Amino acid sequence: MAVLPIVTHPDPRLEQVCEPVHQFDDTLRQLAADMLETMYDAKGRGLAAPQVGVLKRLFVMDIRWKDGAPEPVVVINPSIVDQSPATAVGVEACLSIPGRTFKVPRPIWVDMHWTSLSGIAQNWRLHGIGAVCVLHELDHLNGRLITETGTEE
Ligand code: ZN
């Protein structure tokens, strides 16, 4: 495993729509392992592939590790299939935009379809910080940053 350099704003790689993952192979497993190591090293809760310069539709997340209960997840080819009509505004930071925070409105819950690292289709309903995390990372896969979707604090 290796800690990868994190791409920072403004870098054009952060503004690209990423390509779906088709190959579930050792290269993908190595990338996912390196992304998790990079995320923990940078003290983040989520990291998307374009943030390490790879324009593929995957991200890693762990919303529990700061509470002492690590729960690493590798999310591949995600899509949001339903979401709450109601939104809430939360404060978000981004490893690619160091030292700045933004208020961003997000749905309160989302239903996400995705594929695991072993190629198994998954469905999750996420609430609160889980919803915020996956929506933030999914925005990265579509080239959108909180500089665009939020208001700087
Ligand atoms: Zn981010």
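In the block above lies the structure referred to throughout.
Bear in mind that the values here come from a model prediction, so they are computed numbers and not experimental data. For every chain, the first residue of the written sequence is number 1, and numbering continues from 1 onward in sequence order. For this predicted model, a pLDDT threshold of at least 70 governs which residues receive local features, and a threshold of 80 or more governs which side-chain atom pairs are given and counted, while totals over whole chains, interfaces and linings are taken from all residues. Derived side-chain values reflect all non-hydrogen atoms in the structure, with water molecules and hydrogen atoms excluded from consideration.

Some words on the overall build of the chain
Each helix and strand counted, the chain has three helices and eight strands in total. Shown N-terminal to C-terminal, the secondary structure of the chain runs as helices and strands in the order α-β-β-β-β-β-β-β-α-α-β. A contact between two residues is defined here by any heavy atoms of the two lying within 4.5 Å. The long-range fraction of contacts in the chain, counting pairs at least 24 apart against all pairs at least 6 apart in sequence, stands at 64%. All accessible areas in this document rest on Shrake-Rupley with a 1.4 Å probe, and a residue is counted as covered only by the protein chains that are shown. Surface accessibility of the chain: about 7700 Å² in total, with carbon and sulfur atoms responsible for 53%. Positive and negative charge centroids in the chain, built from 13 and 19 side chains respectively, lie 3 Å apart. Strands are runs of DSSP state E lasting at least two residues, helices are runs of H or I lasting at least four, and both sets are numbered from the N terminus onward. Counted as positive: Lys and Arg. Counted as negative: Asp and Glu, with His and the chain ends omitted from the count. To locate a charge, take NZ of a lysine, CZ of an arginine, CG of an aspartate or CD of a glutamate.

Digging into the environment of Arg100
You can see Arg100 is positioned in the loop between strand S4 (87–92) and strand S5 (102–107). Each C-alpha atom, one on Arg100 and one on Glu15, is 18 Å from the other, the two residues being 85 residues apart in sequence. Beyond its immediate chain neighbours, meaning those up to four positions away, Arg100 contacts His9, Glu92, Ala93, Thr147 and Glu152. Whenever a nitrogen or oxygen atom comes within 3.5 Å of another N or O atom, the pair is scored as a polar contact, on the condition that within protein one atom can donate a hydrogen and the other can accept it, and that pairs from neighbouring residues in sequence are kept only if both atoms are in side chains. In this structure the side chain of Arg100 is engaged in a polar contact, spanning 2.8 Å, whose partner is the side chain of Glu152.

Here's the deal with the coordination of the zinc ion
Listed donor atoms are N, O and S within 2.8 Å of the metal (Na, K and Ca: 3.2 Å). As water is not included, a site may look incomplete. Surrounding the zinc ion are the protein donor atoms Cys94 (SG), His136 (NE2) and His140 (NE2), at 2.0 to 2.2 Å. Counting residues between consecutive donors of the zinc ion along the chain gives the motif C-x41-H-x3-H. Here Cys94, found in the loop between S4 and S5, pairs with His140, found in helix H2 (residues 128–141); they are 46 residues apart in sequence, far enough to count as distant. Of the two residues, Cys94 and His140, both sit in the buried class. When a residue's accessible area, from a 1.4 Å probe over protein chains only, is under 20% of the maximum for its type it is buried; when over 50% it is exposed; and in between it is partly exposed.

Quick look at the sheet that holds strand S2 (residues 58–61)
A pair of strands counts as paired when DSSP detects no fewer than two bridges linking them. The strand order across the open sheet built from five strands is S1-S2-S3-S6-S7, with neighbouring strands paired in antiparallel fashion. The open sheet has two edge strands, strand S1 (46–48) and strand S7 (121–127), and neither has a second partner. Strand-to-strand twist in this sheet, taken as the mean axis angle between neighbours without regard to direction, amounts to 40°. Note that S1 and S2 share three bridges and pair antiparallel. When the sheet's bridge partners are listed, Gly46 is paired in S2 with Met61. Every axis corresponds to a line fitted to the C-alpha atoms, with the helix fit spanning only the stretch in contact, and the corresponding angles, defined between N-to-C directions, vary from 0 to 180 degrees. Set on the sheet, helix H1 (residues 26–41) makes contact with S1, S2 and strand S3 (73–83); between it and S2 the angle comes to about 40°. Against the sheet, H2 engages S1, S2, S3, strand S6 (109–115) and S7, with an angle of about 150° to S2.

Section: the sheet that holds strand S8 (residues 151–152)
Taken in spatial order, the three strands make up an open sheet running S4-S5-S8, and their pairing is antiparallel. Two strands close off the open sheet at either side, each with one partner strand: S4 and S8. Looking at chain direction, S4 and S5 are connected through six bridges and run antiparallel. Counted as the bridge partner of Gly90 is Val104 from S5. Docked against the sheet, H2 engages S4 and S5, running at close to 105° with respect to S5.

Some points on the pairing of S7
Note that S6 and S7 share seven bridges and pair antiparallel. Bridging across to S7, Met112 finds its partner in Trp124. Between S6 and the antiparallel strand that follows it, S7, lie five residues; Gly119 among them carries a positive phi value of about 85°.

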